[in-house]
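Structural features, examined
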Amino acid sequence: VSTQSTGTTAIFSVFLLRKELIKTQWIALCLLFVGVSMVQLSQNGTKSSAISDVEQNPLVGLIAVLASCCSSGFAGVYFEKLLKGSDISLWMRNIHLAGYGVIFGLFGVYWNDGTAVAEKGFLFGYNGWVWWVVLMQAFGGLLV
């Protein structure tokens, strides 16, 4: 996935950030896309013995990987464009984006586990290890 993501990020950089690629870079991107696609599609007739009873379609897998790479590449380049074209600090932009994440996260919690949260509380089951992981993730994000 990361190999294809490199190509989509470069293409979005050209269109959104107006970056220029030289001829050899375009050729390299095309070869990268064709090579990864050929590897994915060449696995059309092979199945692993562990999952032999599951029907797989490499073309659907390739389309899913391309969709994932396009969304990842677009998100990264668009975020870069927002940061470069705005007077708002990185801290404020992160708080703004985290607000959306909190809203969607809370919606998902109440959609999936609303009755359990109403009965036992939002932090039910949190112990010392859970709080340690939460703090490590929070401080790790601040360091980055």
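Please refer to the structure placed before this passage.
In this numbering scheme, every chain counts its residues from 1 along its sequence in written order. Residues qualify for local features only when their pLDDT is at least 70, as the model is predicted, and side-chain atom pairs are given and counted only at 80 or more; totals for whole chains, interfaces and linings, by contrast, use all residues. With hydrogens and water set aside, each side-chain value is computed from the structure's full complement of heavy atoms.

**Let's talk about the pattern of salt bridges**
Let me state the cut-off plainly: By definition, a salt bridge exists where a carboxyl oxygen of Asp or Glu is found within 4 Å of a side-chain nitrogen of Lys or Arg. Runs of E in the DSSP output that reach at least two residues are strands. Runs of H or I that reach at least four are helices, and both are numbered from the N terminus.
Following the criterion strictly, the structure yields 2 salt bridges and no others. Among the ionic pairs, glutamate 80 bridges to lysine 19, the shortest N-O distance being 4.0 Å. Of this pair, glutamate 80 sits in helix α3 (residues 58-84) while lysine 19 sits in the loop between α1 (2-16) and α2 (23-42), placing them 61 residues apart in sequence. In this structure, the salt-bridge partner of lysine 84 is glutamate 80, at a minimum N-O distance of 2.8 Å. One end of the pair is lysine 84 and the other is glutamate 80, both in helix α3 and 4 residues apart, which spans about a single turn.

**Observations concerning α3**
Filter applied, for reference: One fewer than the residue count of a helix, multiplied by 1.5 Å, yields its expected span. Under the scheme applied here, a residue whose accessible area is under 20% of the maximum for its type counts as buried, over 50% as exposed, and between as partly exposed, the area being computed with a 1.4 Å probe on protein chains only.
With 27 residues, α3 should cover 39 Å at 1.5 Å per step; its first-to-last C-alpha distance of 39 Å lies within 8% of that length. Those residues of α3 that fall on the buried side of the exposure criterion are Pro58, Leu62, Cys69, Gly73 and Val77.

**Describing the state of the cysteines**
Threshold: Here, the term disulfide refers to a pair of cysteine sulfur atoms separated by no more than 2.5 Å.
Applying the stated criterion to the full structure yields 0 disulfides. We note that cysteine 69 lacks a disulfide partner, and the nearest cysteine sulfur, in cysteine 70, lies 7.1 Å from it. Among the residues examined, cysteine 69 registers a relative accessible area of 1% and is labelled buried.

**A look at the packing of α3 against helix α4 (residues 90-120)**
This is how the line gets drawn: All axes here are fitted lines through C-alpha atoms, helices being fitted over the stretch that makes contact, and every angle between N-to-C directions spans 0 to 180 degrees. Roughly parallel means an angle under 35 degrees; roughly antiparallel, over 145; roughly perpendicular, 65 to 115; everything else is oblique. For any pair of crossing helices, the crossing counts as left-handed if the nearer helix is rotated counterclockwise from the farther one by less than a right angle, and right-handed if it is rotated clockwise. For this analysis, residues touch if any pair of their heavy atoms sits within 4.5 Å. Residue polarity follows a fixed list, in which Ala, Val, Leu, Ile, Met, Phe, Trp, Tyr, Cys and Pro are nonpolar, Asp, Glu, Lys and Arg are charged, and the others, Gly among them, are polar.
The N-to-C vectors of α3 and α4 enclose an angle of 135°; their axes lie 10 Å apart at closest approach. One finds that α3 runs oblique with respect to α4. When the axes of α3 and α4 are compared, the crossing they make is right-handed. Contacts between α3 and α4 involve Phe79, Leu82 and Leu83 from the former and Leu90, Arg93, Asn94 and Leu97 from the latter. Here the residues of the contact of α3 with α4 are counted per class, giving 5 nonpolar, 1 polar and 1 charged.

**Some thoughts on the side chain of arginine 93**
How we decide: We score Asp and Glu as negative and Lys and Arg as positive, and we do not count His or the chain ends.
Residue placement: arginine 93 occurs in helix α4. Nearest to the buried, unbridged arginine 93 among oppositely charged side chains is aspartate 87, at 9.0 Å. With residues near it in sequence (within four places) discarded, arginine 93 still touches Phe79, Leu82, Leu83, Ser86 and Ile88.

**A few points about the packing of aromatic side chains**
Basically, it comes down to this: A pair of Phe, Tyr and Trp rings is counted when the ring centres sit within 6.5 Å of each other, with Trp represented by its six-membered ring. The angle between the planes then sorts it: under 30 degrees is stacked, over 60 is edge-to-face, the rest tilted.
All chains considered together, the criterion is met by 4 aromatic pairs. Between phenylalanine 12 and phenylalanine 74 the ring centres are 5.5 Å apart and the planes differ by 70°, which places this aromatic pair in the edge-to-face class. Residue phenylalanine 12 is located in helix α1, and its partner phenylalanine 74 is located in helix α3; the two are separated by 62 residues in the primary sequence. Where phenylalanine 74 meets tyrosine 78, the ring centres are 5.6 Å apart and the plane angle is 15°; that geometry is what we call stacked.

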